[in-house]
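The residues making up each chain are set out below.
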Amino acid sequence: MPLQIETILCRAGKMDNYSYIITDEQTGTTAILDPSEAAPIITKLEQLKLKPQYIFNTHHHFDHTDDNLTLKEKYGALVVANQQDNARIPGFDIGVENNKTFLLGNSIAQIIDASAHTQGHILWYFPEAKALFTGDTLFNLCIGGLFEGSPQQMFAVLQKIKQLPDDTLFYPGHEYTPHGAHDAFVFNNRNQDIQNYLAKAKANLEQGLPAGPFTLAEEKRCNPYLQAQSLSDFKKLF
Ligand code: FE
Ligand code: ZN
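Attention in this report is confined to the structure presented alongside it. (Residues numbered from 1 in each chain as written. Chains lettered and ligands numbered in written order. Predicted model: local features only at pLDDT ≥ 70, side-chain atom pairs only at ≥ 80, totals over all residues. Heavy atoms only, no water.)

1. Thoughts on the coordination of the iron ion (ligand 1)
Ideal coordination angles are 109.5 degrees for a metal with four donors arranged tetrahedrally and 90 or 180 degrees for a metal with six donors arranged octahedrally. Note the cut-off: Coordinating donors are taken as N, O and S atoms within 2.8 Å of the metal, stretched to 3.2 Å for Na, K and Ca; because water is absent from the atoms, sites can appear incomplete. A four-donor site is called tetrahedral if each angle lies between 85 and 135 degrees; a four-donor site is square planar, and a six-donor site octahedral, when trans pairs exceed 155 degrees and the remaining angles lie between 65 and 115; all other cases are labelled irregular. Helix and strand labels come from DSSP, where a helix needs a run of H or I of at least four residues and a strand needs a run of E of at least two; each type is numbered from the N terminus.
In the first shell of the iron ion (ligand 1), the protein supplies H59 (NE2), H61 (ND1), H117 (NE2) and D136 (OD), at 2.1 to 2.3 Å from the metal. Coordination at the iron ion (ligand 1) comes from four donor atoms whose angles at the metal span 85 to 172°, giving a geometry best classed as irregular. If you list the donors of the iron ion (ligand 1) from N- to C-terminus, the spacing comes out as H-x1-H-x55-H-x18-D. The zinc ion (ligand 2) is placed at 3.2 Å from the iron ion (ligand 1), the two being bridged by D136. Within this pair, whereas H117 is found in the loop between β8 (107-113) and β9 (122-126), its partner D136 is found in the loop between β10 (131-135) and β11 (138-139), the two being separated by 19 residues in sequence.

2. Points about the environment of F102
Rule in force here: In what follows, a contact means two residues having at least one pair of non-hydrogen atoms within 4.5 Å.
Checked against the element boundaries, F102 lands in strand β7 (residues 101-104). Spatially, the C-alpha atom of F102 lies 34 Å from that of P178, the residues being 76 residues apart in sequence. Among all residues touching F102, those that are not within four sequence positions of it are Y54, F56, V80, I94, V96, S107, I108, A109 and W124.

3. Examining the packing of aromatic side chains
As a reminder, the rule being used: Paired rings are identified among Phe, Tyr and Trp, the last through its six-membered ring, by centres lying within 6.5 Å, and are further divided according to the angle between planes into stacked (under 30 degrees), edge-to-face (over 60) and tilted (the rest). The buried label applies to any residue whose accessible area, calculated with a 1.4 Å probe on protein chains only, is under 20% of its type's maximum; exposed applies above 50%, and partly exposed to all values in between.
As enumerated under the stated definition, the model contains 17 aromatic pairs in all. Seen from their ring centres, Y18 and Y20 are 6.2 Å apart, and the 45° between their planes marks the pair as tilted. For Y18, a relative accessible area of 7% corresponds to the buried category. A relative accessible area of 2% places Y20 in the buried class. For the pair F133 and Y171, a centre-to-centre distance of 5.1 Å together with 25° between the ring planes defines the contact as stacked. Here Y171 lies in strand β13 (residues 169-172) and F133 lies in strand β10, a separation of 38 residues in the sequence. Through a chain of ring-to-ring contacts, the aromatic side chains of Y18, Y20, F126, F133 and Y171 assemble into a single cluster.

Below is the structure:
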């Protein structure tokens, strides 16, 4: 089922979060993923004449959940997050679990446990739309910090991501491409794949657009954390 995905930059120039408006086109059912900052999200919803039924969270950090309550109150939207994080997600209504699904209208979201950045971090994967929302797990050319998990856990999560179809587009929780470019240069050769990747990112950013989205195929060629083939290689990146 086709999805309409709108990317909204929040906390611009500070934390550079991305919130997303996700709409199932057949039914118009809409969710806000990780509402970092209400004002720019509300502006975009009004432009698009959309009212969200759901708020999805990837993890409990404040920069992803701070305006759960504002949007819940304004629209009557239900907050959907990992059941195991119910005590630390503001406004928690509906629990989801690893390997289970959640229906956004006619679009199926698969929930993938990604405990590493935090325990209970989840990925929202829409297989038919080939869209993966990675929160603070996978960014362009880099990964999220290990606040509550181990390198071993993160390595295992990245192997799950690498098994998803190559043409999946991924939507990260922050615009961290410049930081990722630094990591890619430190750990990789400055090969043509990375040059192409950065040229695309730069062209998009110069137009005021998000750097991506990139496909998992592009990411596997360029992101040093996805290129590590073993846990011991992965640990050398820290
Ligand atoms: Fe986070
Ligand atoms: Zn974050």
